[in-house]
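Breakdown of the fold
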Amino acid sequence: MKKVLITRKFPEQFVAPLQEVAEVVQWHEEHSAMPREQLLQQVADVDAIWGTLEDQIDEELLAHAPKLKMVANLAVGYNNLHIEALRDRGIMATNTPNVLTNATADLAFGLLIATARRLVEGADYLRAGQWQGWSPMQLTGMEVSGATLGIIGMGRIGSAVARRARGFDMQVLYHNRNRKYEDEEMYGFRYRDLDALLQESDFVMVLTPYTAETHHLISARELALMKETAIFINVSRGGTVDEAALYDALKNGDIWAAGLDVFEQEPVPVEHPLLTLPNVVALPHIASASVKARHEMFKTNVEALLTFLDDDKPKNRLT
Ligand code: DGY
């Protein structure tokens, strides 16, 4: 019987089918991942790992896992996996594309509106007893309808966000490695080089995968190109943005506000400078956190693991 290590406490109904055909070792705490030290010990004799973006599957871990043949990652993003090292060792890795596209696009668009219209600030203001009466310019924000949205990273999720933006009569600009001619023709989305996108957009949203090339893609130079009224939204990975430069731009009024679902360090420390700014809406990496999407993500991983346990090649392979 093959052995599967599960680094988190996942819902029982998704773990049960694996227990029928494999020896399963699972971390037991609800709100934390298996600590690194323990993980390094536990991988010694496992054939497969089912983990999340919090588990770094790197050279160090692989050196501890001589039998490992399969990693199922509960995310579409896979910057936590050392793809080349996995490939070199003939270890398969799979992720969870498609099933979280709508949930992530909904959240991204919701965060855009929340940031533009100061929803969190307004709710806090009311609860703090500061609402003394209606006044004409109180808590006024930026209009979403009719504005220009610039999307950096036009993959499945970028395209889903762009389609939502059409319902708000927004103009959509995008920047991507490849042109999306079909989307351009069908929906009127327009390609821009990065600098032009930054200069023309009222909203700049980053949705690229996090790689060595996209590390600090948005830094001081890029922020300086944006409009003073621009709103920056990040739903990719925190590392795509230089947070110190973003803090300066927001503090100095070089851009107007930011909505962030991701941070370089997660959980972001509550004393992080960005969290001291009223024009930042911060969320705890919940873009794909709808019940439906999470259940589909579990199912996608389980199917891949069962296929592997059945000595076959799973879908959604990254290696
Ligand atoms: C992903 O899928 O990459 C998200 O960031 C986690 O669900």
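The rules we used
Residue numbering note: each chain is counted from 1, following its sequence as written. Totals for whole chains, interfaces and linings use all residues, but because this is a predicted model, local features are given only for residues with pLDDT of at least 70 and pairs of side-chain atoms are given and counted only at 80 or more. As a rule here, side-chain values cover all heavy atoms of the structure and leave hydrogens and water aside. Secondary structure follows DSSP: runs of H or I at least 4 residues long count as helices, runs of E at least 2 residues long count as strands, and numbering of each begins at the N terminus. N or O atoms closer than or at 3.5 Å make up a polar contact, with two conditions inside protein: a donor-capable atom paired with an acceptor-capable one, and, for residues adjacent in sequence, both atoms drawn from side chains. In what follows, a contact means two residues having at least one pair of non-hydrogen atoms within 4.5 Å. The definitions used throughout rest on a 1 Å grid laid over the protein atoms alone, on which a cavity is an enclosed set of points accommodating a 1.4 Å probe that cannot get out and a pocket is an open set flanked by protein within 12 Å on both sides along at least five of seven lines; lining residues are those having an atom within 4 Å of a point. Grid points are joined across faces, edges and corners, and a volume is the space filled by probe spheres set on the points. All amino acids are sorted into three groups, where Ala, Val, Leu, Ile, Met, Phe, Trp, Tyr, Cys and Pro are nonpolar, Asp, Glu, Lys and Arg are charged, and the leftover types, Gly among them, are polar. Here, strands pair whenever DSSP counts at least two bridges between them. Type-normalised accessible area, obtained with a 1.4 Å probe on protein chains alone, sets the label of each residue: buried when under 20%, exposed when over 50%, and partly exposed for intermediate values. With strands facing away from the observer, any crossover in which the path from the first strand over the helix to the second runs clockwise is taken as right-handed.

We now examine the side chain of Arg8. Its location among the elements puts Arg8 in the loop between β1 (3-6) and α1 (12-21). For Arg8, the side chain forms a polar contact with the side chain of Glu54, separated by 2.8 Å. Excluding its chain neighbours within four sequence positions, the residues that come into contact with Arg8 are Gln26, Trp27, Glu30, His31, Ser32, Ala33, Thr52 and Glu54.

For the second largest pocket, the calculated volume is near 330 Å³. Lining of the second largest pocket is provided by 18 residues; of these, Leu277, Pro278, Asn279, Val280 and Val281 occupy positions nearest its centre. Split by residue class, the lining of the second largest pocket holds twelve nonpolar, three polar and three charged.

This paragraph deals with the sheet that holds strand β11 (residues 257-260). If you trace the seven strands from one edge of the open sheet to the other, you get β8-β7-β6-β9-β10-β11-β12, paired in parallel fashion. Edge positions in the open sheet fall to β8 (190-191) and β12 (280-282), since each of these has one partner strand only. The pairing of β11 with β12 spans three bridges and is classified as parallel. What sits directly across from Gly259, in β12, is Val281.

Neither face of strand β10 (residues 231-234) is exposed, since Ile231 and Ile233 on one face and Phe232 and Asn234 on the opposite face are all buried. Bridge analysis of strand β9 (residues 203-206) against β10 gives four bridges, and the strand direction is parallel. Note on β10: the bridge partner recorded for Val206 is Asn234. Between the parallel pair β9 and β10, the chain is carried across by helix α10 (residues 220-225), and the sense of this crossover is right-handed. Summarising the sheet, β10 and β11 pair through four bridges and their orientation is parallel. Within β11, the residue paired with Phe232 across the bridge is Ala258. For the segment spanning β10, helix α11 (residues 243-251) and β11, crossover handedness is right-handed.

So, about the environment of Glu23. For Glu23, the location among the structural elements is in strand β2 (residues 23-26). Look at Glu23 and you get partly exposed, because its relative accessible area is 40%. With 84 residues separating them in the primary sequence, Glu23 and Leu107 have C-alpha atoms 37 Å apart. Apart from the residues within four sequence positions on either side, Glu23 is in contact with Met1, Lys2, Lys3 and Val4.

Interpretation note: all reported values are geometric properties and have no functional meaning in isolation.
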